[in-house]
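# Fold and geometry: a report
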Amino acid sequence: MDAEMRDRIAGCAVGAAVGDALGMPLEFGARVPADRLVRDMQLGRLPAGTFTDDTEMALALAESLLARRPLDPADLAGRFVSWLQAGPPDVGIHTRSVLSGVAAGQDWRRAVEAVQQRKPDSAGNGSVMRSWPAALAHWDGLDALLADSRLQSRVTHPHVECVAASAWANAAIYYLLRGTGVQEALSKATQAVDLPPALRAVVERAPSRQRHELKNSGWVRHTVESVVWGLLTTDSFAEAVVQVVNLGNDADTAGAVVGALAGAAYGLTAIPASWRAALRGEWPLGSGVYWDESMLIDLADRLASR
Ligand SMILES: [Mg+2]
């Protein structure tokens, strides 16, 4: 692994957390007017620079992958439950339903099946938001990368589009880490993953969308749309992330996903220093340990090393 790839691997992890933290104060808000875009870490429900559930769940996945590779879904489900039981301020409705079943003693498969059967169309962005650690753990093998990206989704989000979106985002990271240009990396990812037609159409149409057309809701299709739009209509880490989080609504989650991909594309050194310096978040929840950029870089390093 050369220095450039190392920089991209660190950029993916830090970029995801930075995008999450930048979007945190904008979550649930309306689209920010184009002439007043938020460009710095601001106070929201949490202090400025704090990452949220998107990064917390990614850290749970990362630690599961550090303990066991290939991914052990029961181990991952257990780590998610520990996180839920620590009382995170923000948990997706679907994720909470599934993990509550696991916490009550159900096997993860049964828990997730029961929730999905009640709401078969539920296809939120809760698994694509946290999928990047599987891309770093398997940066040297696309098949294993795709398998674990899909499996981590199935633990809470088995809908075909959630599973495909997780695999697609991580396939894009796989190519970006190798220095492939953004447009080519996204199209290679689309080829590598058999995207359901509706999701494929979203990916293909996204770059020509106008800002006011992007809903950026918690629906996985909307997140993928915002992310592709952000990546293909800008040419820097900062601009990609700024454009996406200022769409409001599920700003932190779309920010986390675009941050992971833009970080893999442009590398750690391209992420504004003031954002990196402001980054913080308690992990594990309730431990009193606050993570900063250096701990995320170290985690990315450990994930990517054999
Ligand atoms: Mg969040």
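Our structure's up above, just so we're on the same page.
To start, this report covers the structure provided alongside it. (Residues numbered from 1 in each chain as written. Predicted model: local features only at pLDDT ≥ 70, side-chain atom pairs only at ≥ 80, totals over all residues.)

### Remarks on the overall build of the protein
On a plain count of helices and strands, the protein comes out with 15 helices and two strands. A globule of 306 residues ought to have a C-alpha radius of gyration of about 19 Å, and the protein, at 17 Å, matches this closely. Of all 306 residues assigned to the protein, the portion counted as buried reaches 56%. Of all intrachain contacts in the protein linking residues separated by at least 6 positions in sequence, the fraction that spans at least 24 positions is 70%. (Helix = DSSP H or I, 4+ residues; strand = E, 2+ residues; numbered from the N terminus. Rg over C-alpha atoms; globule rule 2.2 N^0.38 Å. Buried ≥ 20, exposed ≤ 12 C-beta atoms within 10 Å, placed from the backbone. Contact = placed C-beta atoms within 7 Å.)

### Some thoughts on the nonpolar core
Across soluble globular proteins, nonpolar side chains have a tendency to be buried as a group. Membership of the largest hydrophobic core comes to 109 residues, with the highest contact counts inside it found for Cys-12, Ala-13, Leu-136, Ala-172, Ile-173 and Leu-261. Broken down by element, the residue count for this core peaks at 14 residues, all from helix α8 (residues 160–177). Beyond its immediate chain neighbours, meaning those up to four positions away, Ile-173 contacts Cys-12, Trp-132, Ala-135, Ala-260, Leu-261 and Ala-264. (Core = buried A, V, L, I, M, F, W, Y, C linked by C-beta atoms within 7 Å.)

### Points about helix α5 (residues 108–118)
Of the residues making up α5, those classed as buried are Trp-108, Ala-111, Val-112, Val-115 and Gln-116. When α5 is viewed along its axis, its buried side chains cluster within an angular range of 120 degrees and face the same direction. Opposite the buried face of α5, at more than 90 degrees from it, the exposed residues are Arg-110, Gln-117 and Arg-118. Close packing links the buried residues of α5 with α3 (73–85) and α4 (93–103). (Arc of directions from axis to C-beta.)

### Looking at the environment of Ala-304
As for its position among the elements, Ala-304 is in helix α15 (residues 293–304). Looking at Ala-304, the number of C-beta atoms within 10 Å reads 22, which means it is buried.

### Quick look at the environment of His-222
Topologically, His-222 is positioned in helix α11 (residues 220–232). You can call His-222 buried: it has 21 C-beta atoms within 10 Å. His-222 sits 19 residues away from Val-203 along the chain, and the two C-alpha atoms are 9.9 Å apart.

### Here's the deal with the packing of α11 against helix α12 (residues 237–245)
Contact geometry of α11 with α12 gives a least axis separation of 8 Å together with a crossing angle of 145 degrees. In this structure, α11 crosses over α12, and the sense of that crossing is right-handed. Seen from α11, the contacting residues are Ser-226, Val-227, Gly-230 and Leu-231; seen from α12, they are Ala-240, Gln-243 and Val-244. Split into classes, the residues belonging to the contact of α11 with α12 amount to four nonpolar, three polar and no charged. (Axes fitted to C-alpha atoms, helices over the stretch in contact; angles between N-to-C directions. Left-handed = near helix turned anticlockwise from the far one by under 90°. Nonpolar A, V, L, I, M, F, W, Y, C, P; charged D, E, K, R; others polar.)

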